[in-house]
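Architecture and fold: a report
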2 protein chains.
Amino acid sequence: MDNKETYSLQEAILYSHKMAQLTKAIWKAIEKDWQDWVKPFDLNLNEHHVLWIAYHLKGATISEVSKFGVMHVSTAFNFSKKLEQRGLLTFSKKEDDKRNTYVKLTDQGVKLFEETMEAHDSERNSVMNASLPLKSIYGRFPEFQDLESIVKHLYGDEYLEILDRSLKSLSEETRS
Amino acid sequence: MDNKETYSLQEAILYSHKMAQLTKAIWKAIEKDWQDWVKPFDLNLNEHHVLWIAYHLKGATISEVSKFGVMHVSTAFNFSKKLEQRGLLTFSKKEDDKRNTYVKLTDQGVKLFEETMEAHDSERNSVMNASLPLKSIYGRFPEFQDLESIVKHLYGDEYLEILDRSLKSLSEETRS
């Protein structure tokens, strides 16, 4: 595909700038809320994200943690190692797949993760609160299919498949 | 407004998780491209963002840099200080407004910033490339009015006003 033909330099720069400003603003707000939420459990955002992924994917490879957690493989490994040292997860290999390292939460890891979820307070979630005016217009939270499409082209189908698995698991957990 | 009535816990958690995963994924891709872009000029992303804001706002207060750059006031100040030491910007106070510190690019700062803009290569901008399939469907890049609404409720009208000023200035610069 010859992309050059399909946009002007001006369009490209204006679009890039707008996307940078909007996603930086929203991600930084989410990051701050997430840090405040998990700090009382002596966890940082990345450690909690590793727990999250291992919990909802019922075990995951370091490569899945890296991909879905949007962190370097070495970062995913190092934070997993710290969690292992605290007895919250274990490393393992599968008989039929010696190349990949799997992480799986211990009972203690599951317990801690579930405690963090119980402590989550949606009323202190600033992005969710800032989305309520849209919800009252649409009758539901926005779905951001355009963002999904961009993420799919950035990270491949696999990213959205993992997101789906994670959302499905989350939805089963919270159904009760 | 009694927000409690307007959403279920499940909806809230699913929505928050999805937003966290999508905005983290997109922001991290933008962050990486931005760093790669400005590194040859011996600048980091935050320093370039300060230059960007001071350039397009034709001078800005540290508080505006902090707000629009989505960084702490102390971070905005420290990076501005580094740029001042390199002779790229100057600090000043206005006669009629002694409380605020203004930053303004020097001729050298303007020159360096314009060189970075000339070196920007849209073809290596991964988020823009990942948005081209949407552009070919819609005939234009997506506008993300829902994200704008969320940002407005997170950071106030002022954020979008500065974004508008910045986009207008950018659009004048690139018109030629």
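Please read these numbers as outputs of a predicted model, since none were measured by experiment.

1. Focus on the packing of aromatic side chains
Under the definition given, this model contains 15 aromatic pairs over all chains. Measuring from centroid to centroid gives 4.4 Å for Tyr15(A) and Phe141(B), while their planes differ by 15°, and the two rings are stacked. Within this pair, whereas Tyr15(A) is found in helix α1 (residues 9–38), its partner Phe141(B) is found in the loop between α6 (126–138) and α7 (145–155), the two belonging to separate chains. You'll find Tyr15(A) and Phe141(B) in the same group, each marked buried. Three or more aromatic residues link up through ring pairs in this structure, and these residues are Tyr7(A), Tyr15(A) and Phe141(B). Here Lys135(B) stacks its cationic end above the ring of Phe141(B), 5.6 Å away from the centre of that ring.

2. A few points about the relation of the copies chain B and chain A
The transform that puts chain B on chain A rotates by 180° and translates by 0.0 Å along the axis, for an RMSD of 0.0 Å. Considering both components of the superposition, the chain copies are consistent with a two-fold axis. Across chain B, the smallest distance between a C-alpha and the rotation axis is recorded for Thr23(B), namely 2.9 Å. Here 100% of the interface residues in chain B have copies in chain A that are interface residues too; the copies meet face to matching face.

3. What to know about α7(B)
When α7(B) is considered as a whole, its buried residues turn out to be Asp146(B), Leu147(B), Ser149(B), Ile150(B), Val151(B) and Tyr155(B). Buried residues in α7(B) make contact with α1, α6 (126–138) and α7 (145–155) of chain A together with α1 (9–38), α3 (62–69) and α8 (157–173) of chain B. Immediately beyond the C-terminal end of α7(B), within one or two residues, lies Gly156(B), with a positive phi of roughly 90°.

4. A look at the packing of helix α8 (residues 157–173) of chain A against α1(B)
For the pair α8(A) and α1(B), interaxial distance at closest approach is 10 Å and the crossing angle is 160°. Taken together, the axes of α8(A) and α1(B) lie roughly antiparallel to each other. The handedness of the crossing between α8(A) and α1(B) is right-handed. Residues Tyr159(A), Leu160(A), Leu163(A), Ser166(A), Leu167(A), Leu170(A) and Ser171(A) of α8(A) form the contact with α1(B), whose own contacting residues are Gln10(B), Ile13(B), Leu14(B), His17(B), Lys18(B), Gln21(B), Leu22(B) and Ala25(B). Of the residues assigned to the contact of α8(A) with α1(B), the class counts are nine nonpolar, five polar and one charged.

5. Observations regarding the side chain of His120(A)
Structurally, His120(A) is set in the loop between α5 (107–119) and α6. Excluding residues that lie within four positions of it along the chain, His120(A) makes contacts with Trp37(A), Asn125(A) and Ile13(B).

6. A short note on the interface of chain B and chain A
Facing the 72 residues of chain B at the interface are 72 residues of chain A. When chain B packs against chain A, close to 7,000 Å² is buried across both sides, 70% of that on carbon and sulfur atoms. The three residues of chain B that bury the most area against chain A are Tyr15(B), Gln21(B) and Lys24(B), which together make up 10% of that side's buried surface. Note that Lys135(B) is salt-bridged to Glu11(A), the shortest N-O span being 3.8 Å.

7. Considerations on the UniProt feature "domain: HTH marR-type" (unreviewed entry) in chain A
As recorded in UniProt, the sites labelled "domain: HTH marR-type" (unreviewed entry) are residues 19–156 of chain A. Across residues 19–156 of chain A, helical content stands at 64% and strand content at 12%; the span's end C-alpha atoms are separated by 20 Å.

Reading the values: rules and limits
- Residues numbered from 1 in each chain as written.
- Chains lettered and ligands numbered in written order.
- Predicted model: local features only at pLDDT ≥ 70, side-chain atom pairs only at ≥ 80, totals over all residues.
- Heavy atoms only, no water.
- Phe/Tyr/Trp six-rings, centres within 6.5 Å; stacked < 30°, edge-to-face > 60°.
- Helix = DSSP H or I, 4+ residues; strand = E, 2+ residues; numbered from the N terminus.
- Buried < 20%, exposed > 50% of the residue type's maximum accessible area, 1.4 Å probe, protein only.
- Lys NZ or Arg CZ within 6 Å of the ring centre and 35° of its normal.
- Least-squares fit on C-alpha atoms with pLDDT ≥ 70 in both.
- Contact = heavy atoms within 4.5 Å.
- Axes fitted to C-alpha atoms, helices over the stretch in contact; angles between N-to-C directions.
- Parallel < 35°, antiparallel > 145°, perpendicular 65-115°, else oblique.
- Left-handed = near helix turned anticlockwise from the far one by under 90°.
- Nonpolar A, V, L, I, M, F, W, Y, C, P; charged D, E, K, R; others polar.
- Buried area = accessible area lost by both parts, 1.4 Å probe.
- Salt bridge = Lys/Arg side-chain N within 4 Å of Asp/Glu carboxyl O.
- UniProt positions renumbered as here; feature names shortened; annotations may be inferred.

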